[in-house]
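# Observations on the model geometry
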Amino acid sequence: LSRIAKVFKDYCGTLSEEAIRKNFILLYELLDEMIDYGYPQLTKTETLKSFVYNEPIVVAAVPNTGKMINPKTASANAVH
């Protein structure tokens, strides 16, 4: 999972909710190339560039928010 997150960061520049929303098609295409039948295949960014044709939409990096929690996406225990 950490390797998949690194590939997403390499393509999009940042791994945030907004970056995932704006680059959903690209990330779906990356996952399709990286995983076959539930097993990881290609996880090197340079190798994937020859198979993935969508261009990323650049999103500004989110500043460090510390322990700020989004109540809409957090579990019930994390909010309290």
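What this report covers is the structure whose coordinates are included nearby.

Parameters at a glance
Residues numbered from 1 in each chain as written. Predicted model: local features only at pLDDT ≥ 70, side-chain atom pairs only at ≥ 80, totals over all residues. Heavy atoms only, no water. Helix = DSSP H or I, 4+ residues; strand = E, 2+ residues; numbered from the N terminus. Buried < 20%, exposed > 50% of the residue type's maximum accessible area, 1.4 Å probe, protein only. Areas by Shrake-Rupley, 256 points an atom, 1.4 Å probe, with all protein chains shown as cover. Core = buried A, V, L, I, M, F, W, Y, C linked by side-chain atoms within 4.5 Å. Contact = heavy atoms within 4.5 Å. Arc of directions from axis to C-beta. Patch = residues over 30% accessible without salt bridge, like charges linked within 9 Å, V, L, I, M, F, W, Y side chains within 5 Å. Salt bridge = Lys/Arg side-chain N within 4 Å of Asp/Glu carboxyl O.

Looking only at helices and strands, the protein chain features five helices and two strands. Sequence-ordered secondary structure for the protein chain, helices as α and strands as β, is α-α-α-β-β-α-α. The 80 residues of the protein chain split such that 22% are buried. Total accessible area on the protein chain is roughly 6400 Å²; 58% of this is exposed by carbon and sulfur atoms.

The biggest cluster of nonpolar side chains holds 11 residues, and these are Ile4, Val7, Phe8, Tyr11, Cys12, Leu26, Leu27, Leu30, Met34, Leu48 and Val52. Counting residues per element, the ones that place at least two in this core are helix H1 (2-12) and helix H3 (24-34). For this core, the element with the most residues is H1, which contributes five residues. Excluding anything up to four places from it in sequence, Leu48 contacts Val7, Tyr11, Leu30, Glu33, Met34, Leu42 and Thr43.

To continue, consider the environment of Leu48. Structurally, Leu48 can be placed in helix H4 (residues 45-48). Along the backbone, Leu48 and Glu33 are 15 residues apart, and their C-alpha atoms lie at a distance of 7.4 Å.

Our focus in this paragraph is H1. Every α-helix winds through 3.6 residues per turn, so residues three or four apart in the chain are directed the same way. Of all the positions in H1, only Ile4, Val7, Phe8, Tyr11 and Cys12 are classed as buried. Down the axis of H1, the buried set is contained in an arc of 115°. They therefore lie on one face. Buried positions along H1 lie against H3, strand E1 (35-36) and H4. Following H1 by one or two positions, Gly13 adopts a phi angle in the positive range, close to 90°.

Attention shifts here to the environment of Leu42. In this fold, Leu42 is placed in the loop between strand E2 (39-40) and H4. C-alpha of Leu42 to C-alpha of Leu31: the two residues are 11 residues apart in sequence and 9.6 Å apart in space. Setting aside chain neighbours within four positions, we find Leu42 in contact with Glu33, Met34, Thr47, Leu48 and Phe51.

Residues Leu15, Ile20, Phe24, Ile25 and Tyr28 make up a contiguous nonpolar surface patch of about 540 Å² in total accessible area. When residues of the nonpolar patch are assigned to their parent elements, the largest contribution, three residues, is made by H3. Within the fold, Leu15 resides in the loop between H1 and helix H2 (17-22).

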